[in-house]
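# Structural description and commentary
For reference, the chains in residue letters:
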Amino acid sequence: NIPSSIEFIGDSAFAGCDLEHIEIPSSVTYIGSDAFNYCTKLTAINVDTDNMKYSSDFGILYDKEKETINLVPCGVKGNFVIPSSVKKIGDYAFYNCDGLTSVEIPSSVNYIGYHAFYNCDSLTTIEIPSSVTYIEWYAFSECYNLDVVIDNSKDKFENVFSNCKSVTYLR
(Lines give C-alpha, C1' and ligand atoms only; values in the text may rest on other atoms or scores of the structure.)
Protein backbone atom coordinates (compact mmCIF):
# COMPACT_ATOMS: atom_id res chain seq x y z
CA ASN A 1 0.00 0.00 0.00
CA ILE A 2 1.27 3.41 -0.94
CA PRO A 3 0.71 6.06 1.76
CA SER A 4 -1.87 8.77 1.04
CA SER A 5 0.87 11.41 1.33
CA ILE A 6 2.45 10.24 -1.95
CA GLU A 7 1.57 12.22 -5.10
CA PHE A 8 4.27 11.09 -7.52
CA ILE A 9 5.47 7.60 -8.51
CA GLY A 10 8.50 8.07 -10.76
CA ASP A 11 9.85 6.09 -13.70
CA SER A 12 11.21 2.70 -12.62
CA ALA A 13 10.17 3.39 -9.00
CA PHE A 14 9.22 -0.24 -8.33
CA ALA A 15 10.96 -1.90 -11.30
CA GLY A 16 11.87 -5.50 -10.60
CA CYS A 17 10.03 -5.68 -7.26
CA ASP A 18 8.29 -8.88 -6.17
CA LEU A 19 4.95 -7.10 -5.69
CA GLU A 20 1.82 -9.16 -6.29
CA HIS A 21 -0.66 -6.28 -6.11
CA ILE A 22 -0.53 -2.58 -5.40
CA GLU A 23 -3.01 -0.08 -4.02
CA ILE A 24 -2.82 3.46 -5.46
CA PRO A 25 -4.35 6.13 -3.19
CA SER A 26 -6.40 9.10 -4.35
CA SER A 27 -3.42 11.43 -3.73
CA VAL A 28 -1.31 10.05 -6.62
CA THR A 29 -1.34 12.39 -9.63
CA TYR A 30 1.57 10.91 -11.62
CA ILE A 31 2.74 7.36 -12.32
CA GLY A 32 5.81 6.92 -14.54
CA SER A 33 5.16 4.84 -17.65
CA ASP A 34 7.64 2.17 -16.56
CA ALA A 35 7.15 2.45 -12.79
CA PHE A 36 6.40 -1.28 -12.45
CA ASN A 37 8.58 -2.81 -15.19
CA TYR A 38 9.84 -6.34 -14.55
CA CYS A 39 7.41 -6.88 -11.69
CA THR A 40 6.71 -10.40 -12.95
CA LYS A 41 4.48 -11.41 -10.02
CA LEU A 42 2.27 -8.31 -10.22
CA THR A 43 -1.30 -9.32 -11.08
CA ALA A 44 -3.34 -6.30 -9.95
CA ILE A 45 -3.12 -2.55 -9.61
CA ASN A 46 -6.07 -1.10 -7.73
CA VAL A 47 -6.74 2.63 -7.70
CA ASP A 48 -8.82 4.45 -5.09
CA THR A 49 -12.10 5.50 -6.74
CA ASP A 50 -11.54 9.08 -5.53
CA ASN A 51 -8.32 9.41 -7.57
CA MET A 52 -8.77 12.28 -10.05
CA LYS A 53 -6.15 11.11 -12.57
CA TYR A 54 -6.20 7.29 -12.65
CA SER A 55 -8.65 4.40 -12.44
CA SER A 56 -8.47 0.63 -12.47
CA ASP A 57 -10.67 -2.19 -13.62
CA PHE A 58 -9.92 -5.86 -12.96
CA GLY A 59 -6.42 -4.86 -11.80
CA ILE A 60 -5.54 -2.91 -14.97
CA LEU A 61 -4.33 0.71 -14.68
CA TYR A 62 -6.16 3.28 -16.85
CA ASP A 63 -6.50 7.02 -17.02
CA LYS A 64 -9.58 8.32 -15.19
CA GLU A 65 -11.84 8.12 -18.27
CA LYS A 66 -10.58 4.60 -19.18
CA GLU A 67 -9.56 5.88 -22.62
CA THR A 68 -5.88 4.98 -22.13
CA ILE A 69 -4.43 1.72 -20.88
CA ASN A 70 -1.45 2.76 -18.79
CA LEU A 71 -0.35 -0.63 -17.49
CA VAL A 72 -1.30 -4.27 -17.62
CA PRO A 73 0.55 -6.08 -14.81
CA CYS A 74 3.19 -8.59 -15.99
CA GLY A 75 1.52 -11.39 -14.04
CA VAL A 76 -1.61 -11.28 -16.24
CA LYS A 77 -1.85 -14.42 -18.38
CA GLY A 78 -3.80 -15.79 -21.36
CA ASN A 79 -6.05 -13.75 -23.64
CA PHE A 80 -6.63 -10.06 -22.96
CA VAL A 81 -9.56 -8.16 -24.44
CA ILE A 82 -9.07 -4.39 -24.52
CA PRO A 83 -12.31 -2.60 -23.57
CA SER A 84 -14.05 -0.62 -26.32
CA SER A 85 -13.68 2.61 -24.30
CA VAL A 86 -9.89 2.55 -24.92
CA LYS A 87 -8.49 4.88 -27.60
CA LYS A 88 -4.82 4.71 -26.68
CA ILE A 89 -2.46 1.97 -25.55
CA GLY A 90 0.19 3.83 -23.55
CA ASP A 91 3.98 3.53 -23.58
CA TYR A 92 5.12 0.29 -21.89
CA ALA A 93 1.48 -0.74 -21.28
CA PHE A 94 2.08 -4.49 -21.87
CA TYR A 95 5.89 -4.39 -21.60
CA ASN A 96 7.31 -7.82 -20.70
CA CYS A 97 3.87 -9.40 -20.23
CA ASP A 98 5.26 -12.79 -21.14
CA GLY A 99 2.18 -14.69 -19.94
CA LEU A 100 -0.13 -13.14 -22.53
CA THR A 101 -0.95 -15.36 -25.50
CA SER A 102 -3.26 -13.03 -27.43
CA VAL A 103 -4.63 -9.51 -27.26
CA GLU A 104 -7.85 -8.29 -28.89
CA ILE A 105 -7.65 -4.66 -29.99
CA PRO A 106 -11.02 -2.98 -30.66
CA SER A 107 -11.62 -0.48 -33.46
CA SER A 108 -11.79 2.32 -30.88
CA VAL A 109 -7.97 2.23 -30.53
CA ASN A 110 -6.06 4.68 -32.72
CA TYR A 111 -2.64 4.86 -31.04
CA ILE A 112 -0.15 2.30 -29.69
CA GLY A 113 2.71 3.67 -27.59
CA TYR A 114 6.46 3.17 -27.45
CA HIS A 115 7.46 -0.35 -26.30
CA ALA A 116 3.77 -1.04 -25.60
CA PHE A 117 4.10 -4.82 -26.27
CA TYR A 118 7.89 -5.10 -26.19
CA ASN A 119 9.23 -8.55 -25.26
CA CYS A 120 5.88 -10.30 -24.85
CA ASP A 121 7.40 -13.74 -25.46
CA SER A 122 4.19 -15.80 -25.29
CA LEU A 123 2.12 -13.48 -27.44
CA THR A 124 1.28 -15.49 -30.58
CA THR A 125 -1.45 -13.56 -32.41
CA ILE A 126 -2.64 -10.01 -32.70
CA GLU A 127 -4.85 -8.25 -35.22
CA ILE A 128 -4.41 -4.50 -35.49
CA PRO A 129 -7.51 -2.76 -36.90
CA SER A 130 -7.45 0.03 -39.49
CA SER A 131 -8.42 2.52 -36.76
CA VAL A 132 -4.83 2.36 -35.48
CA THR A 133 -3.15 5.15 -37.39
CA TYR A 134 -0.04 5.58 -35.29
CA ILE A 135 2.27 3.03 -33.67
CA GLU A 136 5.40 4.21 -31.86
CA TRP A 137 8.79 2.65 -32.57
CA TYR A 138 9.51 -0.79 -31.09
CA ALA A 139 5.92 -1.23 -29.94
CA PHE A 140 6.00 -4.95 -30.83
CA SER A 141 9.75 -5.58 -30.95
CA GLU A 142 11.22 -8.79 -29.53
CA CYS A 143 7.88 -10.63 -29.68
CA TYR A 144 9.55 -13.65 -31.28
CA ASN A 145 6.45 -15.87 -31.47
CA LEU A 146 4.05 -13.19 -32.67
CA ASP A 147 2.10 -13.38 -35.94
CA VAL A 148 0.77 -9.88 -36.66
CA VAL A 149 -2.06 -9.00 -39.03
CA ILE A 150 -2.37 -5.25 -39.56
CA ASP A 151 -5.07 -3.53 -41.57
CA ASN A 152 -2.70 -0.90 -42.92
CA SER A 153 0.35 -0.50 -45.15
CA LYS A 154 3.98 -1.32 -44.41
CA ASP A 155 5.37 2.14 -45.21
CA LYS A 156 3.66 3.71 -42.17
CA PHE A 157 5.16 1.39 -39.56
CA GLU A 158 8.94 1.22 -39.80
CA ASN A 159 10.78 -0.17 -36.73
CA VAL A 160 7.59 -1.35 -35.08
CA PHE A 161 7.65 -5.14 -35.53
CA SER A 162 11.35 -6.05 -35.37
CA ASN A 163 11.95 -9.71 -34.48
CA CYS A 164 8.29 -10.72 -34.69
CA LYS A 165 7.60 -14.13 -36.21
CA SER A 166 5.56 -12.66 -39.10
CA VAL A 167 3.75 -9.50 -40.15
CA THR A 168 0.95 -9.43 -42.72
CA TYR A 169 -0.12 -6.04 -44.08
CA LEU A 170 -3.64 -6.00 -45.52
CA ARG A 171 -3.03 -2.83 -47.58
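Residues numbered from 1 in each chain as written. Predicted model: local features only at pLDDT ≥ 70, side-chain atom pairs only at ≥ 80, totals over all residues. Heavy atoms only, no water.

Here we come to the overall build of the chain. Along the backbone of the chain there are 0 helices and 15 strands. Taken over C-alpha atoms, the radius of gyration comes to 16 Å for the chain, in line with the 16 Å a tight globule of 171 residues would show. Summarising its shape, the C-alpha atoms of the chain cover approximately 50 × 30 × 25 Å along the three principal directions. A fraction of 23% describes how many contacts in the chain between residues 6 or more apart in sequence connect residues 24 or more apart. Charge separation in the chain, taken as the distance between the mean sites of 11 positive and 23 negative side-chain charges, equals 5 Å. (Helix = DSSP H or I, 4+ residues; strand = E, 2+ residues; numbered from the N terminus. Rg over C-alpha atoms; globule rule 2.2 N^0.38 Å. Contact = heavy atoms within 4.5 Å. Lys, Arg positive; Asp, Glu negative; His and termini not counted. Charge placed at Lys NZ, Arg CZ, Asp CG, Glu CD.)

What the 6 strands build is an open sheet, ordered E5-E6-E7-E9-E11-E13; its pairing is mixed. Edge positions in the sheet fall to strand E5 (54–57) and strand E13 (134–135), since each of these pairs with one other strand and no more. Sheet topology note: the E5/strand E6 (residues 60–63) ladder contains 4 bridges and is antiparallel. The residue of E6 that forms the bridge with Asp-57 is Ile-60. (Pairing = 2+ DSSP bridges.)

All right, on to the packing of aromatic side chains then. Counted according to the given criterion, the structure contains 14 aromatic pairs. Measuring from centroid to centroid gives 5.5 Å for Tyr-95 and Tyr-118, while their planes differ by 10°, and the two rings are stacked. A residue pair is termed long-range when its members are at least 10 positions apart, and Tyr-95 in the loop between strand E9 (88–89) and strand E10 (100–104) and Tyr-118 in the loop between strand E11 (111–112) and strand E12 (125–128) qualify at 23 residues. Judged by its relative accessible area of 10%, Tyr-95 is buried. Relative to Phe-140, the ring of Phe-117 has its centre 4.7 Å away and its plane inclined at 5°; by these criteria the two rings are stacked. One end of the pair, Phe-117, is in the loop between E11 and E12; the other, Phe-140, is in the loop between E13 and strand E14 (147–150), and 23 residues separate them in sequence. Relative accessible area serves as the criterion here: at 0%, Phe-117 is assigned to the buried category. (Phe/Tyr/Trp six-rings, centres within 6.5 Å; stacked < 30°, edge-to-face > 60°. Buried < 20%, exposed > 50% of the residue type's maximum accessible area, 1.4 Å probe, protein only.)

Along the chain, Glu-67 falls in the loop between E6 and strand E7 (68–71). Judged by relative accessible area, which is 32%, Glu-67 ranks as partly exposed. Along the sequence, Glu-67 and Lys-87 sit 20 residues apart, while their C-alpha atoms lie 5.2 Å from each other. When residues no more than four places from it in sequence are discounted, the contact partners of Glu-67 are Ser-85, Val-86, Lys-87 and Lys-88.

Counting 35 residues, the largest nonpolar core has Phe-94, Ile-112, Phe-117, Ile-135 and Phe-140 as the members making the most contacts within it. The set of elements that each furnish at least two residues to this core consists of E6, E10, E12 and E14. Leave out the neighbours within four places in its chain, and Phe-94 touches Ile-69, Val-72, Phe-80, Ile-82, Ile-89, Leu-100, Val-103, Ala-116, Phe-117 and Cys-120. Residues Ile-9, Phe-36, Leu-42 and Tyr-54 belong to the second largest nonpolar core, which totals 15 residues. (Core = buried A, V, L, I, M, F, W, Y, C linked by side-chain atoms within 4.5 Å.)

A few words now on unusual backbone geometry. Non-glycine residue Lys-66 carries a positive phi angle of around 60°. Along the chain, Lys-66 falls in the loop between E6 and E7. Positive phi is not limited to glycine here, since Asn-119 has a value of about 60°. Tracing the backbone shows Asn-119 in the loop between E11 and E12. In this structure Asn-119 comes out as partly exposed when scored by relative accessible area, which is 23%.

Residue position: His-115 is located in the loop between E11 and E12. His-115 sits in the buried class, given a relative accessible area of 12%. Non-local contacts of His-115, meaning those with residues more than four positions away in its chain, are made with Tyr-92, Tyr-95, Trp-137, Tyr-138 and Ala-139.

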